[in-house]
Amino acid sequence: MSDQDPEHNTPYGTADAAAEVFEEHRSVLTGVAYRMLGRVADAEDVVQEAWLRWSGADREGVRSPRAFLVRVTTRLAIDRLRQEQSRRESYVGPWLPEPLPTDMASEPVPDGADRAVLTESVSLAVLVVLESLSPLERAVFVLREAFGFPYAEIATALDRGEAAVRQLAGRARRHVEERRPRFEVDPGQQRDLTHRFLDAATGGDLEGLMSLLAPDTRLIGDSGGKARAPLRVMTESRKIGRFLAAIGPQGAGYEWTVRELNGAQALLAWEGERLRAAFVLDVADGLVRSVYILVNPDKLARLRRGAG
């Protein structure tokens with residue numbers, strides 16, 4: 001990335017100064033890495049490796065710490081994503097990103113970024129679409145569309161020409177927009193619909209569920225072969241309604257809490273202190289467009305009651 005405009009007038013060659021600068025940018029680096037990889041642990045590993053690169057670098061020669069750190073983090077994330085993609089091909093059933101609490105998020109908005117777009121870019125719906133992009137397309141989309149980085153900086157980060165980056169950005173944007181149109185969502189309506197969904201599902205109320213499901217609703221379950229969930233994406237609203245009405249009463253004995261995950265309302269099923277399932281609802285125009293069911297214990301392990 002360009003280093004023409006220094007961001008700091010004070011030296012950051014010392015260890016303490018290097019740590020202070022890194023912490024200033026950590027949340028953005030973690031945000032980039034999570035959107036690239038879809039797993040919190042992987043994102044944290046990448047950011048930790050970026051710190052090691054930064055702490056061992058000739059920092060006196062770095063004029064823009066942000067540019068350096070975003071470049072390193074992005075390239076590390078691309079390498080990790082390429083490794084993970086081969087593993088995901090053998091994943092049992094559909095693969096969903098690890099849920100990320102956003103009700104307590106304090107992710108800063110970088111210059112040029114839009115808060116609404118930043119939030120949308122972490123939604124399960126968008127992250128699922130990003131899985132179908134190439135690693136380079138995904139990196140360009142995340143840096144440009146989510147964080148608003150200039151094309152010239154992205155080109156330097158990826159060691160590509162600016163014209164090539166613009167082509168990648170256009171292709172990625174069209175791909176996402178075709179598969180994930182943007183909708184305005186009213187938070188109050190979303191909360192109300194979520195509670196109605198819970199009541200209908202746990203009560204086995206098929207007609208109540210059908211009144212909440214969009215005609216083209218999808219249901220995607222992620223078990224990783226470690227719990228019970230559909231092994232294929234369900235796409236017929238009537239079939240989805242029957243499925244939910246059948247399994248819903250089984251959850252009547254759980255304690256249910258509502259929380260915001262990935263910018264959407266989610267229903268969490270607790271058995272004591274153990275989280276058994278997370279239902280994340282993708283809502284638009286007053287109807288449920290997608291139901292994401294996460295029961296893979298590995299992806300639920302970080303979620304705690306009332307904690308991030």
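Provided above is the structure to which this section pertains.
Rules and cut-offs
- Residues numbered from 1 in each chain as written.
- Predicted model: local features only at pLDDT ≥ 70, side-chain atom pairs only at ≥ 80, totals over all residues.
- Heavy atoms only, no water.
- Core = buried A, V, L, I, M, F, W, Y, C linked by side-chain atoms within 4.5 Å.
- Buried < 20%, exposed > 50% of the residue type's maximum accessible area, 1.4 Å probe, protein only.
- Helix = DSSP H or I, 4+ residues; strand = E, 2+ residues; numbered from the N terminus.
- Contact = heavy atoms within 4.5 Å.
- Salt bridge = Lys/Arg side-chain N within 4 Å of Asp/Glu carboxyl O.
- Pairing = 2+ DSSP bridges.
- Axes fitted to C-alpha atoms, helices over the stretch in contact; angles between N-to-C directions.

> Would you explain the nonpolar core in this entry?
Nonpolar side chains in soluble globular proteins tend to be buried together. In this structure, Met36, Trp54, Leu130 and Phe147 are the most contacted members of the largest nonpolar core, which totals 50 residues. Within the residue set of this core, elements represented by two or more residues are helix H1 (15–37), helix H2 (40–55), helix H3 (65–88), helix H5 (124–130), helix H6 (135–146), helix H7 (151–158) and helix H8 (162–179). With 10 residues, H1 is the largest single contributor of residues to this core. In this structure, methionine 36 is in contact with Ala77, Ile78, Leu81, Pro135, Arg138, Ala139 and Val142, ignoring residues within four places of it in sequence.

> Explain the pattern of salt bridges to me, please; I cannot follow it from the model alone.
Opposite charge on two side chains allows them to pair when their charged atoms are near. If you walk through the whole model with that rule in mind, you get 23 salt bridges. Close ionic contact of glutamate 49 with arginine 53 constitutes a salt bridge, the shortest N to O distance being 3.0 Å. With glutamate 49 and arginine 53 both in helix H2 and four residues apart, this pair spans about one turn of that helix. Look at glutamate 49 and you get partly exposed, because its relative accessible area is 30%. Looking at arginine 53, the relative accessible area reads 42%, which means it is partly exposed.

> Explanation requested: the sheet that holds strand S5 (residues 287–294) in the structure shown.
Remark on secondary structure: sheet strands pair via backbone hydrogen bonds, oriented parallel or antiparallel. Read from one edge to the other, the open sheet built from five strands follows the order S1-S5-S4-S3-S2, with strand pairing classed as mixed. Pairing within the sheet leaves two strands with one partner each, and these edge strands are strand S1 (213–222) and strand S2 (255–261). Taken pair by pair, the neighbouring strands of this sheet meet at an average axis angle of 20 degrees, ignoring direction. Where S1 lies against S5, six bridges are found, and the strand directions are parallel. Opposite aspartate 222, over in S5, you have leucine 294 as the bridge partner. Strand contacts of helix H9 (residues 187–202): S1, S2, strand S3 (264–271), strand S4 (274–284) and S5, with the helix running at about 40 degrees to S3, the strand carrying the most contacts. Its contacts with the sheet put helix H11 (residues 237–247) on S1, S4 and S5, and the angle it makes with S1 is roughly 55 degrees.

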